[in-house]
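Chain and residue survey
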Amino acid sequence: MDGPINIDDSRWDEVMFINGYAVFMGYLLMGVRGLTLLVVTWSTAVLGGYVDNLERKDFWSLTLIQTIRVSDFIIPETLRNVINSGWGLLAAIGSMIIHSSKTGEEPSNARWALAYGVFAVQLLVFAFLLCPLAILYVFGLFISAGISLWRLIDHDFGSIKEDSNMKPALEVLYSLAVAQGILFGYRFIYYHGAKRRIAKEVGRWYQLDQEIVLEYLREMVRECEKDPSFARGRNLVKYAADLTMKPNSRKSYLSGVRILGALLRPKHRCSGQAGLIKQVLTGSTSFSHVVRQLLETFGPTSPYSSEIREEAARIVALVAGSIRLEQFPGVAIHCISSLLDTFDEHIWQPEG
């Protein structure tokens, strides 16, 4: 096996455009969260120090702003868990009825009434709890920014003593909330407005389906939101290799094969990609499992299209020197014959 090789991937399309975009999104979110911390801290100080002197409008405005900020940390996971629990409860309701049907008996009226009653409760919870929470999570920062802008424009903070710091404290607080809303809005527009265009351009270069590239982009953004340094060293080669090694995921495996095969096409290959693919695959503990899947993919009994078979054959040809045929008895000979047939139809030139 060849030793590790150092490859400069900084000029690869996905690294320049997608990774850079994901890092930018990550830092924007860090800015939004940093302002959230400032707003919560500042509003706590204002409410604690001047609560008796606040006008009613400012009191309720600050209360709503702080509630929205706290919800930013709580709602995402809580909302997801509540939704999952809701689906579980609906499944339980269905099983109550289906169980009776399987026994050959019609569900009793009492059982139907209970099922409808629980379902009605679910609808009420969804309408009066989940929907407001979802609206608060999605539009909360815009709502608080609008309230803050209104209070800054109105500038009616009540009767304040000249030596009091309450007025500048409120101005700073509302200004921070407006700034956060602007930053969040910019990120929201930039994320939803640019992601498909970037994925389309990268996909066009590699002749890959836009949705496959978009999945890579989403993963990069999701991970960079947690830690922007995640993008360092990530590229389509490593992403696709991870997909091919995912257990019991046919869709991920096929996406990985499509990406790796596309990266090995001479017309669209960037310098070092073939070497990195070989290094990542052969250095993996799942190498034998991946090779078996690839051999079966382009084998004579393969159910896959000629395009997928060609991509799999291209990958196997790259790592052929590291394959031990005795590990695949009864499979290798038939697949090698199929591989030769594949390359009779599609001429492929290795990277020079």
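Let's talk about unusual backbone geometry
The phi angle at His155 is positive, at roughly 55 degrees, despite the residue not being glycine. Here His155 shows up in the loop between α3 (109-154) and α4 (166-206).

What about the pattern of salt bridges?
For the structure on display, the rule yields 14 salt bridges. For Arg234, the salt bridge identified is with Glu219, shortest N-O distance 3.3 Å. Here Arg234, found in the loop between α5 (210-226) and α6 (236-244), pairs with Glu219, found in helix α5; they are 15 residues apart in sequence, far enough to count as distant. Looking at Glu219, the relative accessible area reads 19%, which means it is buried. Its salt-bridge partner being Glu311, residue Arg265 comes within 2.5 Å of it at the nearest N-O pair. Here Glu311 lies in helix α10 (residues 306-319) and Arg265 lies in the loop between α7 (250-263) and α8 (273-282), a separation of 46 residues in the sequence. One continuous salt-bridge network, built from bridges that share partners, spans Lys57, Asp58, Arg151, Asp154 and Asp156.

Things to note about the packing of helix α9 (residues 287-297) against α10
Running from N to C, α9 and α10 cross one another at 135 degrees; their axes reach a closest spacing of 8 Å. Taken together, the axes of α9 and α10 lie oblique to each other. Regarding α9 and α10, the two cross each other, and that crossing is left-handed. Between α9 and α10, the contacting residues are Phe287, Leu294, Leu295 and Thr297 on the first element and Ile308, Arg309, Ala312, Ile315, Val316 and Val319 on the second. Here the residues of the contact of α9 with α10 sort into eight nonpolar, one polar and one charged.

Looking at the environment of Ile212
Among the structural elements, Ile212 can be located in helix α5. Sequence separation between Ile212 and Ser252 is 40 residues; the distance between their C-alpha atoms is 9.8 Å. When sequence neighbours within four positions are dropped, the list of residues in contact with Ile212 reads Ser255, Arg258 and Ile259.

Overview of the nonpolar core
Core analysis: the largest hydrophobic core is formed by 57 residues, its most contacted members being Ile259 and Leu281. Put simply, the parts of the chain that give this core at least two residues each are α1 (13-50), α4, α5, α6, α7, α8, α9 and α10. At eight residues, the largest contribution of residues to this core is made by α5. Those residues in contact with Leu281, other than ones at most four positions away along the chain, are Ala241, Thr244, Met245, Leu260, Phe287, Ile315 and Val319.

What about the side chain of Arg234?
A relative accessible area of 14% places Arg234 in the buried class. Within the structure, the side chain of Arg234 is placed 3.2 Å from the side chain of Asp242, a separation counted as a polar contact. Discounting residues that sit within four places of it in the chain, Arg234 has contacts with Asp9, Val15, Asn19, Tyr216, Glu219, Met220, Tyr239 and Asp242.

Concerning the UniProt feature "transmembrane region" (unreviewed entry) in the protein chain
Under the present numbering, the feature "transmembrane region" (unreviewed entry) in UniProt falls on residues 21-47, 82-100, 112-130, 135-153 and 173-190. Structurally, residues 135-153 is divided into 100% helix and 0% strand, and its ends, taken at the C-alpha atoms, are 25 Å apart. Between the C-alpha atoms that bound residues 173-190 the distance is 26 Å, and the span itself is 100% helix and 0% strand.

Some points on α7
Helix length check: α7 (14 residues) gives 20 Å between terminal C-alpha atoms against 20 Å at 1.5 Å per residue, within 8%. Counted residue by residue, α7 has 11 buried out of 14 residues, so it is predominantly covered. Those residues of α7 not exposed but buried are Ser252, Tyr253, Leu254, Ser255, Gly256, Val257, Ile259, Leu260, Gly261, Ala262 and Leu263. On its buried face, α7 sits against α4, α5, α6, α8, α9 and α10.

How each quantity is defined
Residues numbered from 1 in each chain as written. Predicted model: local features only at pLDDT ≥ 70, side-chain atom pairs only at ≥ 80, totals over all residues. Heavy atoms only, no water. Helix = DSSP H or I, 4+ residues; strand = E, 2+ residues; numbered from the N terminus. Salt bridge = Lys/Arg side-chain N within 4 Å of Asp/Glu carboxyl O. Buried < 20%, exposed > 50% of the residue type's maximum accessible area, 1.4 Å probe, protein only. Axes fitted to C-alpha atoms, helices over the stretch in contact; angles between N-to-C directions. Parallel < 35°, antiparallel > 145°, perpendicular 65-115°, else oblique. Left-handed = near helix turned anticlockwise from the far one by under 90°. Contact = heavy atoms within 4.5 Å. Nonpolar A, V, L, I, M, F, W, Y, C, P; charged D, E, K, R; others polar. Core = buried A, V, L, I, M, F, W, Y, C linked by side-chain atoms within 4.5 Å. Polar contact = N/O pair within 3.5 Å; in protein donor to acceptor, adjacent residues only side chain to side chain. UniProt positions renumbered as here; feature names shortened; annotations may be inferred. Expected span 1.5 Å × (residues − 1).

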